[in-house]
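Residues per chain, in single letters:
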Amino acid sequence: MVTVDTDTVRLSEEQRLVQRSVQQICDDFGADYWREKDVEGEYPQEFVDVLSEEGWMGALVPEEYGGAAMTTKEVVVMMDEIAASGGGFSAAQAIHGGIYNTPPIVNYGSEEMKSELLPKVARGEVSIQSFALTEPNAGSDSTSIETFAKKDGDEYVLNGQKIWTSRVDATDYIVVVARTTPKSEVEKRTRGISMFLVDKEDAFDQGGLETSAIPKTASGCVHSYEMWFKDLRIPGGNLIGEEGEGFYQVLDGLNEERLVIAAECVGLGEAAIERGVEYATEREVFGESIGSNQAVQHPLAEAYAHVQAAKQMTFDGAEAVEDAESQEVGARANMAKYLASEAAFEAADAAVQTHGGFGIATEYDVERYLREARLTRLVPITQQLILNYLGETVLGMPRSY
Ligand SMILES: Cc1cc2nc3c(=O)[nH]c(=O)nc-3n(C[C@H](O)[C@H](O)[C@H](O)COP(=O)(O)OP(=O)(O)OC[C@H]3O[C@@H](n4cnc5c(N)ncnc54)[C@H](O)[C@@H]3O)c2cc1C
């Protein structure tokens, strides 16, 4: 298969090195590995162990704490490569939280928290894989969270329910977003929210945390949980940043992370097209390769053009992070994520159709890619909410909510 070389997205020598190094790791985890993990519903610990041992979990940890201090563009290259290797969105998501839960600690954590935790994260000894914001009554409308952390002397007491918190089985710490002032008592709904670092083992030991995995149909190897906090005592030192300012801390860095999610979708689309083209070339029906029929060829070619367009938008957006204004980065990141999800879905759907009946057989992987691509239209934010952002913040139209 002829692929557009990533030269078209202009990689520097350092970015190319990231790509080659990640590719080498991924080569040891082929399609069979990811298929089995999805079918068995098993977290890809072996894959994560290799990345941890080689320091990739410290991608966003500053050098002074032993991390790799990678740029957004480098992480974009890394995650695109992981997903495109055949691991898909799930492979990238297996480590996504571990990388993206460090910036709040780097940017807002106390010096004590940073020097205690970050070097261990960079060495792969400790993981901060989970981020708990969503609740049964607060998904898209995240300022409506009700989980409450009440100050009690030097500690906080946490009560409430979270839903969809991912990788709780694979983490040492959970970043929990909770109200410290009820929504009814703040003059602006984005205020009165705080961010805490919860030690999972301590929470279980105290009997202050209960979890239950949510059965689901996509991303079988990355588990998501419902969690209940009951009078969980958190040391005051585990408050991340300033009390009441947590929502702004959540927003900080969100655009950069969104570009990385877009790259994960791009990689998924690339993997799906590769499998579709492979099958279209090999499979013969009526005595000729099915790929010679334009009805088979064109959907793959069209999806390819859309995936590459999303890739350009994503990689250019990541390049712009360094010097563009946050408003511009926000527009680019949201467009990239929107386009990349749609392109990944189109690519996976074309790959399934190309496979005929085998499109839904697990052994060809494309049905897994389709399930994952569908998921990318829902998380970490739905496509509609991205369009709301573009319509209101970028195009300046009125807000309905
Ligand atoms: C596999 C998976 C993993 C996840 N991992 C995490 C995690 O680790 N941590 C975490 O905190 N959360 C996580 N989430 C939660 C995820 O972020 C939410 O599901 C997502 O933000 C949508 O919220 P919701 O499901 O409550 O949908 P709702 O907010 O209930 O929305 C339902 C539908 O209504 C639409 N809608 C609502 N309001 C509007 C509006 N004003 N305009 C247009 N359309 C609207 C939405 O787009 C959506 O289609 C995960 C979810 C999944 C499925």
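Residues numbered from 1 in each chain as written. Predicted model: local features only at pLDDT ≥ 70, side-chain atom pairs only at ≥ 80, totals over all residues. Heavy atoms only, no water.

*Asks:* Quick question: what am I supposed to make of helix α3 (residues 45-53) here?
*Replies:* Along an α-helix, residues three or four apart share an orientation, since each turn contains 3.6 residues. Taken as a whole, α3 has its buried residues at Phe47, Val48, Leu51 and Ser52. The buried residues of α3 occupy one face: seen down the axis, they fall within an arc of 135°. Trailing α3 by a residue or two, Gly55 shows a phi angle of about 85°, which is positive. (Buried < 20%, exposed > 50% of the residue type's maximum accessible area, 1.4 Å probe, protein only. Helix = DSSP H or I, 4+ residues; strand = E, 2+ residues; numbered from the N terminus. Arc of directions from axis to C-beta.)

*Asks:* Can you help me understand the nonpolar core in this one?
*Replies:* Note on soluble globular proteins: their nonpolar side chains tend to be buried together. Phe47, Trp56, Met78, Met79, Ile82, Ile95 and Ile99 are the most contacted members of the largest nonpolar core, which has 64 residues in total. Elements that contribute at least two residues to this core include exactly α1 (13-27), α2 (31-40), α3, α4 (72-100), α9 (254-282), α10 (294-320), α11 (326-354) and α12 (366-376). It is α4 that contributes the most residues to this core, 13 residues altogether. Apart from residues no more than four positions distant in its own chain, Met79 is found in contact with Ala92, Ile95, His96, Ile99, Val260 and Glu264. Of all hydrophobic cores here, the second largest spans 23 residues; its members include Ile105, Val106, Ile240 and Phe247. (Core = buried A, V, L, I, M, F, W, Y, C linked by side-chain atoms within 4.5 Å. Contact = heavy atoms within 4.5 Å.)

*Asks:* Even after reading the chapter, I still don't get the environment of Ala92, so can you show me in this structure?
*Replies:* Note that Ala92 resides in helix α4. Given the relative accessible area of 0%, Ala92 is considered buried. Those residues in contact with Ala92 that lie beyond four places of it in its chain are Met79, Ile82 and Glu264.

*Asks:* Got a minute to help me understand the UniProt feature "domain: Acyl-CoA dehydrogenase/oxidase N-terminal" (unreviewed entry) in the protein chain in this structure?
*Replies:* With numbering matched to this structure, UniProt assigns "domain: Acyl-CoA dehydrogenase/oxidase N-terminal" (unreviewed entry) to residues 12-125. In the segment residues 12-125, helix accounts for 72% and strand for 0%; the C-alpha atoms at its two ends are 30 Å apart. (UniProt positions renumbered as here; feature names shortened; annotations may be inferred.)

*Asks:* Looking at this model, I keep getting lost on the UniProt feature "domain: Acyl-CoA dehydrogenase/oxidase C-terminal" (unreviewed entry) in the protein chain. Mind explaining?
*Replies:* UniProt tags residues 244-378 as "domain: Acyl-CoA dehydrogenase/oxidase C-terminal" (unreviewed entry). Strand forms 3% of residues 244-378 and helix 76%; the C-alpha atoms that close the span are 28 Å apart.

*Asks:* Mind showing me how you'd approach a nonpolar patch on the surface here?
*Replies:* There is a patch of nonpolar side chains on the surface, built from Val394, Leu395 and Met397 and spanning about 300 Å² of accessible area. Of note, Leu395 is situated in the segment after α13 (383-394). For Leu395, a relative accessible area of 61% corresponds to the exposed category. (Patch = residues over 30% accessible without salt bridge, like charges linked within 9 Å, V, L, I, M, F, W, Y side chains within 5 Å. Areas by Shrake-Rupley, 256 points an atom, 1.4 Å probe, with all protein chains shown as cover. Salt bridge = Lys/Arg side-chain N within 4 Å of Asp/Glu carboxyl O.)

*Asks:* Mind showing me how you'd approach the environment of Thr143 here?
*Replies:* By secondary structure assignment, the location of Thr143 is in the loop between β1 (130-132) and β2 (148-152). Judged by relative accessible area, Thr143 falls into the buried class, the value being 6%. Apart from residues no more than four positions distant in its own chain, Thr143 is found in contact with Arg179, Lys183, Arg189, Thr190, Ile193 and Phe247.

*Asks:* Could you clarify how one ought to interpret the site of the ligand in this entry?
*Replies:* Contacts to the ligand come from 18 residues, most closely from Phe131, Thr134, Ser140, Trp164 and Thr382. For the ligand, a nitrogen atom lies 2.9 Å from a polar atom in the backbone of Trp164. Asn388 is positioned with one of its side-chain polar atoms (N or O) 3.1 Å from a nitrogen atom of the ligand. Every element with two or more residues in the shell around the ligand is listed here: β3 (155-166) and α13. Considering only residue class, the shell around the ligand consists of nine nonpolar, nine polar and no charged. Counting only domains with at least three residues in the shell around the ligand, you end up with domain 2 (130-247) and domain 3 (250-394). (Near = heavy atom within 4 Å. Polar contact = N/O pair within 3.5 Å; in protein donor to acceptor, adjacent residues only side chain to side chain. Nonpolar A, V, L, I, M, F, W, Y, C, P; charged D, E, K, R; others polar. Domains from an automatic or database assignment.)

*Asks:* What am I meant to see in the pattern of salt bridges here?
*Replies:* Close approach of charged atoms allows side chains with opposite charge to pair. Counted according to the given criterion, the structure contains 22 salt bridges. Between Glu42 and Lys37 there is a salt bridge, with the nearest N and O atoms lying 2.7 Å from each other. For Glu42, a relative accessible area of 37% puts it in the partly exposed group. Taken together, the salt bridges that share partners define one network made up of Asp32, Arg35, Arg275, Glu278 and Asp365.

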